Amino acid sequence: MMRTLFTFVAAAGFAHATAAADLPTATLTIGTHKLVAEVVNTPELRAQGLMNRFSLKPDHGMLFIFERPEPLGFWMKNTFIPLSIAFIGADGRIVNIEDMKPQSEATHWSKGPALYALEMKKGWFAERGIGPQHRRRHDTESGGLAEHVGGDFTAVQPRLEVPQWALAATGF
């Protein structure tokens, strides 16, 4: 199984920094919590990630969309914002959530194959009681993703929508 390590390395200058306004965003809902995520779905955008950023607005983050499920590893070398990352499998289940220290070279791995990763300000998931028990599934009617809290499929189904343009770029 191929292991992929996505690095987030800040350059000495800011010439290569991607401003938040330059990336497409999607409004996502997890349970009753809304967030705005910048969507990155190409190798170049994923490699840059949140480097060269010194802050995130409240309830803002970055959604990484990959081509196929595989073990994913992220590190924080020269990334200045403390982050939490949720690794999400192809079945929509949150595989695991990891807290990441700024400017650390420690690799944070998914605990299984992941198709998506969602980075938020450190502690965002824990503060809202969101963990690996949250499950998502592909919703064929809307083409998006729907979240099921705690695996209870009879509960109200909060929605996590991924725009079609974001999925199209990865061949979904």
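Keep in mind the model is a prediction, meaning the values are calculated, not measured. (Residues numbered from 1 in each chain as written. Predicted model: local features only at pLDDT ≥ 70, side-chain atom pairs only at ≥ 80, totals over all residues. Heavy atoms only, no water.)

A short note on the overall build of the protein
Along the backbone of the protein there are three helices and 12 strands. A total of 172 residues make up the protein; the buried ones form 48% of that total. Taking all contacts inside the protein whose residues are at least 6 apart in sequence as the whole, residues at least 24 apart take part in 66%. (Helix = DSSP H or I, 4+ residues; strand = E, 2+ residues; numbered from the N terminus. Buried < 20%, exposed > 50% of the residue type's maximum accessible area, 1.4 Å probe, protein only. Contact = heavy atoms within 4.5 Å.)

Observations concerning unusual backbone geometry
The phi torsion at Asn78 lies on the positive side, around 60 degrees, for a residue other than glycine. Mapping Asn78 onto the fold places it in the loop between β5 (72–74) and β6 (83–88). We classify Asn78 as partly exposed; its relative accessible area is 25%. Notably, Gln103 is not glycine yet its phi reads approximately 60 degrees, a positive angle. The topology assignment puts Gln103 in the loop between β7 (94–100) and β8 (108–109).

With respect to the pairing of strand β3 (residues 33–40)
Here strand β2 (residues 25–30) runs beside β3; their pairing, made up of six bridges, is antiparallel. Bridge assignment links Leu28 to a residue of β3, and that residue is Leu35. The turn linking β2 back onto β3 is made up of two residues, and Gly31 within it adopts a positive phi angle of 60 degrees. Looking at chain direction, β3 and strand β4 (residues 60–70) are connected through five bridges and run parallel. Bridged to Val40 within β4 is Phe64. (Pairing = 2+ DSSP bridges.)

Some remarks on the sheet that holds β3
Spatial ordering of the open sheet is given by β2-β3-β4-β9-β6-β7, a layout of six strands whose pairing is mixed. One side of each edge strand has no neighbouring strand; the edge strands of this open sheet are β2 and β7. Direction aside, neighbouring strands of the sheet carry axes that sit 30 degrees apart on average. (Axes fitted to C-alpha atoms, helices over the stretch in contact; angles between N-to-C directions.)

Structural notes on the packing of aromatic side chains
Here the structure, examined in full by the defined rule, presents five aromatic pairs. Summarising the aromatic geometry, the rings of Phe54 and Phe80 are spaced 4.5 Å apart at their centres and angled 20 degrees between planes, so their arrangement reads as stacked. Here Phe54 is found in the loop between α1 (43–48) and β4, whereas its partner Phe80 is found in the loop between β5 and β6, with 26 residues between them in sequence. With a relative accessible area of 55%, Phe54 lands in the exposed category. Classification of Phe80 as partly exposed rests on a relative accessible area of 27%. Ring centres of Trp124 and Phe125 lie 5.3 Å apart, and the angle between their planes is 85 degrees; on these two criteria the pair is classed as edge-to-face. We classify Trp124 as buried; its relative accessible area is 4%. Aromatic ring contacts, followed pair by pair, group Phe64, Phe66, Phe74 and Phe87 into a single cluster. (Phe/Tyr/Trp six-rings, centres within 6.5 Å; stacked < 30°, edge-to-face > 60°.)

Quick look at the pattern of salt bridges
Inspection of the entire model under this criterion finds four salt bridges. Linking Glu127 and Arg128 is a salt bridge whose minimum nitrogen-to-oxygen distance equals 3.4 Å. Taking the relative accessible area as the measure of exposure, Arg128 reaches 25% and is therefore partly exposed. Counted as one network, the salt bridges with shared partners bring together Asp59, Glu127 and Arg128. (Salt bridge = Lys/Arg side-chain N within 4 Å of Asp/Glu carboxyl O.)

Some thoughts on the nonpolar core
Taken as a class, soluble globular proteins show a tendency for nonpolar side chains to be buried jointly. Core analysis: the biggest nonpolar cluster contains 18 residues, and Leu35, Leu118, Trp124 and Phe125 have the highest contact counts within it. Secondary-structure elements contributing two or more residues to this core are β2, β3, β4, β6, β9 (114–121) and α2 (124–127). The leading source of residues in this core is β9, at four residues. Sequence-distant contacts of Leu118, defined by excluding residues within four places in its chain, comprise Leu28, Ile30, Leu35, Ala37, Met62, Leu63, Ser84, Ile85, Ala86 and Phe125. Leu56, Ile85, Phe87 and Ala117 belong to the second largest nonpolar core, which has 17 residues in total. (Core = buried A, V, L, I, M, F, W, Y, C linked by side-chain atoms within 4.5 Å.)

Just geometry here; none of it tells us what the structure is for.
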